[in-house]
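# Reading the structure
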Amino acid sequence: MEIYLDANATTPVLPQAKAAAIQAMVEDYGNPSSVHSTGLKAKALIDGARARAQRLLDTGDGALLFTSGATEGIQTAVLSALSALRGNLNADYLLYGATEHKAVPEALKHWNAVLGLGLQILAIPVDAQGRHDLEFLRRHAPRAGLVCTMAANNETGIVSDLAGIEAALGDSPCYWLVDGVQALGKLSLKLRSSRIDYAPFSGHKLYAPKGIGLLYVRAGAPFTPLMAGGGQEGALRSGTENMSGIAALGAVLAALEDGQTLRDSATLQGFRQRLADALCEAFPGLVFNAPLDLSLPTTLNFAVPGLSSRLLQDLFDAADVRVSGGSACSAAKAAPSFVLQAMGLPDWQAAGAVRLSIGPAVDEAFIDEACARIRACGESLRRHCLSPADNLPTLGEGITRFMHDGACCYLLADSASRSCVLIDPRPEQVDRLVQALHCQDYPVLAILSSSGEAEHAEARSLLVDLLNTPLRPSAAVDALGWPSGQDALNLGDRRLTRKTCPQGQVLLLSEAQVASVAAIAFTGMLDAQATSALSLPLAASCFLAPGRDEAQQVVLGLEDAADTPHLLSGAQLQSFMQQHPNALLVDVREPFEQFLSQTPELAGAQMQAVALSRLMNALPEWLDEPGRPLLFFCRSGNRSRQAAQALTRLGHPNAWTLNGGLALMPSFSAKAPAADPALYV
């Protein structure tokens, strides 16, 4: 069962809305501009949906037209206001809230340029609570042509002080656009009694399909159609009406009117508090990025110290819980939230933010399951040494790679000798490494640099200060972190040695009995060709662990080789297994994800869990079986592609990747935590 907690991005379609849309397509399919009976029936459907919206929004004699969504509504409103400003010598500014959805400032820039107005576009600052700076607005309103604010913010849920904004506008002749997208169905909007000139809404944020929206235009406000043509919508918005979308939106509005289908504000506040309590229990130190008493009862925006937004999203997704890193329009971009930055929040909060949002159709059972999944996520972090507190001890064994902005750090651990070595740490990774080392509880023999970068030395100093006495290295070291007078370190049955030459330095990891032949070479050099020129005693099967990996290659071979693995779709998986009964399916997600989720059920399939960060541990065994098909899979297909490419690059002819990952597998779903830590390589 999927737990969908990203309602501010979009919502599933309400069953009543789906039924209404199908009826409009199958039975009430007439063109509302036609004068015959079928057309009149379609026209009545539109009029009924519009009347419901007018009652709910209390529009008075203002116009309410159907659009394709909020973006079209915003464009139409901005075009209308700016067209009216041409030749207006009293207007100098176009103002918008600093936390507005990007559709608003982009529309202002676009139409300001197209119409050649040359007006100055200014962002209205917000305070730490996300509320608009009313004093700024009072100063600039007299010379403003258009002011754009939100009714409620899509990322934080902060509800704007619309009454305060209206008072701050005073006697200014400016036009006022209010983005009502997140307010529909959650806030009471009395548009008749407000000076709001334009208010766009979007159906898919409230259980209607995508592609349908509304635009309110106050009576007397200037209007310029964005689209001209057949004169539909009273000549305000040409184009044949989206009948199925309008019918579906009408059904949602009817559900709002009946007061039974959707939850009221008090109930939603209770649901949100339960979710907030579960989050605080699961993630020690969690902070909410917006005050709950000023936010929509459907929205939580939070950050957890030491945990990235990406990691948290992967964690929730593994539990089949859908959350977002902020606005859905920009969530795929690895950048801090501009909304939280505008509020003056610290960088770690702006970059680590996660948004959880529910819709008013959720019920008690849904919230119960959501809270259980959230607590399971916290348990997974504690079991895998990722929680800000209360982590359980973990077994350290083999090689683990830690990544930061393309830079690679390696932790080499040996459980038999209970010792470890760090290679190439960065200052930004220190907190995470300290956490891992304390959970593992092995003394650190050395903290080494493969390249002599200053960042490695800085990180070494920080680590020595933060590790407790039994764990920190005790011997005096040289500039690269090696114990004075030593060029080799023993890790159980393995030995790490260093070799220097004019081109640089390479750290060689090999079996202790055959130290002259390396199995793995750690190098700060960026390509295999440069390293192979060192003329070092490297085995033919040796692979290179690079100091940097912006290209997501994971490992490099000694010789250039093709790295195009075989692609397999989810639909082909069953037949693939029938053709290759000896194939090994390898889950390259991280252990904290594997703990929360299940893999495809395939009778007789042989599976192995090897996180991408620990791939190097399994490579020698796989390379010894070149005829055995290896099918890698992960959540989205990105990490499995990296793993399959790495094997192909090292000469394995039978590496496959599940294209699109488990996300495109219809049978994939979450389970209760029951993973066996012994399965993790």
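Conventions and cut-offs
Residues numbered from 1 in each chain as written. Predicted model: local features only at pLDDT ≥ 70, side-chain atom pairs only at ≥ 80, totals over all residues. Heavy atoms only, no water. Buried < 20%, exposed > 50% of the residue type's maximum accessible area, 1.4 Å probe, protein only. Helix = DSSP H or I, 4+ residues; strand = E, 2+ residues; numbered from the N terminus. Pairing = 2+ DSSP bridges. Right-handed = clockwise from strand over helix to strand, strands pointing away. Patch = residues over 30% accessible without salt bridge, like charges linked within 9 Å, V, L, I, M, F, W, Y side chains within 5 Å. Areas by Shrake-Rupley, 256 points an atom, 1.4 Å probe, with all protein chains shown as cover. Salt bridge = Lys/Arg side-chain N within 4 Å of Asp/Glu carboxyl O. Axes fitted to C-alpha atoms, helices over the stretch in contact; angles between N-to-C directions. Parallel < 35°, antiparallel > 145°, perpendicular 65-115°, else oblique. Left-handed = near helix turned anticlockwise from the far one by under 90°. Contact = heavy atoms within 4.5 Å. Nonpolar A, V, L, I, M, F, W, Y, C, P; charged D, E, K, R; others polar. Core = buried A, V, L, I, M, F, W, Y, C linked by side-chain atoms within 4.5 Å. Disulfide = S-S within 2.5 Å.

## With respect to the pairing of strand E5 (residues 144-150)
- Most of E5 is tucked away: 7 of the 7 residues are buried.
- Sheet analysis places strand E3 (residues 93-97) next to E5, joined by 4 bridges and oriented parallel. Bridge pairing links tyrosine 93 to alanine 144 in E5.
- Direction of pairing for E5 relative to strand E6 (residues 175-179): parallel, over a ladder of 5 bridges. From the neighbouring strand, leucine 146 faces E6, where its bridge partner is tyrosine 175.
- Between the parallel elements E5 and E6, the chain passes through helix H6 (residues 162-169) in a crossover that is right-handed.

## Structural notes on a nonpolar patch on the surface
- Nonpolar side chains collect at one region of the surface, where Ile22, Met25 and Val26 lie side by side and expose about 290 Å² of accessible area between them.
- Its location among the elements puts methionine 25 in helix H1 (residues 15-26).
- The exposed category is assigned to methionine 25, whose relative accessible area is 53%.

## Things to note about the packing of helix H2 (residues 37-57) against helix H7 (residues 243-258)
- With their axes 9 Å apart at the nearest point, H2 and H7 run at an angle of 40° to one another. Of the possible angle classes, the one that applies to H2 and H7 is oblique. Note on packing geometry: the crossing formed by H2 with H7 is left-handed. Counting all contacts with H2, which are made through Ala42, Leu45, Ile46, Ala49, Arg52, Ala53, Arg55 and Leu56, the residues of H7 involved are Met243, Ile246, Ala247, Gly250, Leu253, Ala254, Leu256 and Glu257.
- Of the residues in the contact of H2 with H7, the class split is 12 nonpolar, 1 polar and 3 charged.

## What to know about the pattern of salt bridges
- All told, the structure shown has 32 salt bridges when counted by the stated rule.
- As a salt-bridge pair, aspartate 58 and arginine 192 come within 3.0 Å of each other at their nearest N and O atoms. Here arginine 192 lies in the loop between E6 and strand E7 (198-202) and aspartate 58 lies in the loop between H2 and strand E2 (63-67), a separation of 134 residues in the sequence.
- Residue arginine 192 is classed as exposed on the basis of its relative accessible area, which comes to 57%.
- Between arginine 548 and glutamate 550 there is a salt bridge, with its nearest N and O atoms 2.7 Å apart.

## Side note on the sheet that holds strand E26 (residues 630-633)
- The sheet built from 5 strands is open, its strands ordered E23-E27-E26-E24-E25 with parallel pairing. Edge strands, defined here as strands with exactly one partner in the open sheet, are strand E23 (566-568) and strand E25 (606-609). Across this sheet, the average inter-strand angle for adjacent strands is 30°, counted without regard to direction.
- Across 3 bridges, E26 lies against strand E27 (residues 655-658) in parallel orientation. From the neighbouring strand, leucine 631 faces E27, where its bridge partner is tryptophan 656.
- Packed onto the sheet, helix H19 (residues 638-649) meets E26 and E27 and runs at close to 170° relative to E27.

## Notes on the nonpolar core
- If you look at the biggest cluster of nonpolar residues, it comprises 49 residues, and the most contacted ones within it are Phe66, Leu95, Leu137, Val147, Leu169, Trp176 and Phe201.
- Looking at this core, the element that brings in the most residues is H7, giving 8 residues.
- Excluding residues that lie within four positions of it along the chain, phenylalanine 66 makes contacts with Ile46, Ala49, Arg50, Ile212, Gly213, Leu214, Glu233, Arg237, Ile246 and Leu249.

## Description of the state of the cysteines
- In this structure the tally under the stated criterion is 1 disulfide.
- Cysteine 385 shares a disulfide with cysteine 439; S-S distance 2.1 Å. Here cysteine 385 and cysteine 439 share a disulfide; its torsion about the S-S bond, 90°, makes the bridge right-handed. With cysteine 385 in the loop between helix H12 (364-383) and strand E13 (398-404) and cysteine 439 in helix H13 (residues 430-440), this residue pair connects regions lying 54 residues apart in the sequence. Like cysteine 385, the residue cysteine 439 is buried in the burial classification.

## Points about the sheet that holds strand E10 (residues 299-303)
- One open sheet holds the 3 strands; their spatial order is E9-E10-E12, and the pairing between them is antiparallel. In the strand order of this sheet, the two ends are held by strand E9 (287-288) and strand E12 (354-357), each with one partner.
- The sheet contact formed by E9 and E10 spans 2 bridges and is antiparallel. From the neighbouring strand, valine 287 faces E10, where its bridge partner is alanine 303.
- Along the sheet, helix H8 (residues 265-282) makes contact with E9, E10 and E12, crossing E10 at roughly 15°.

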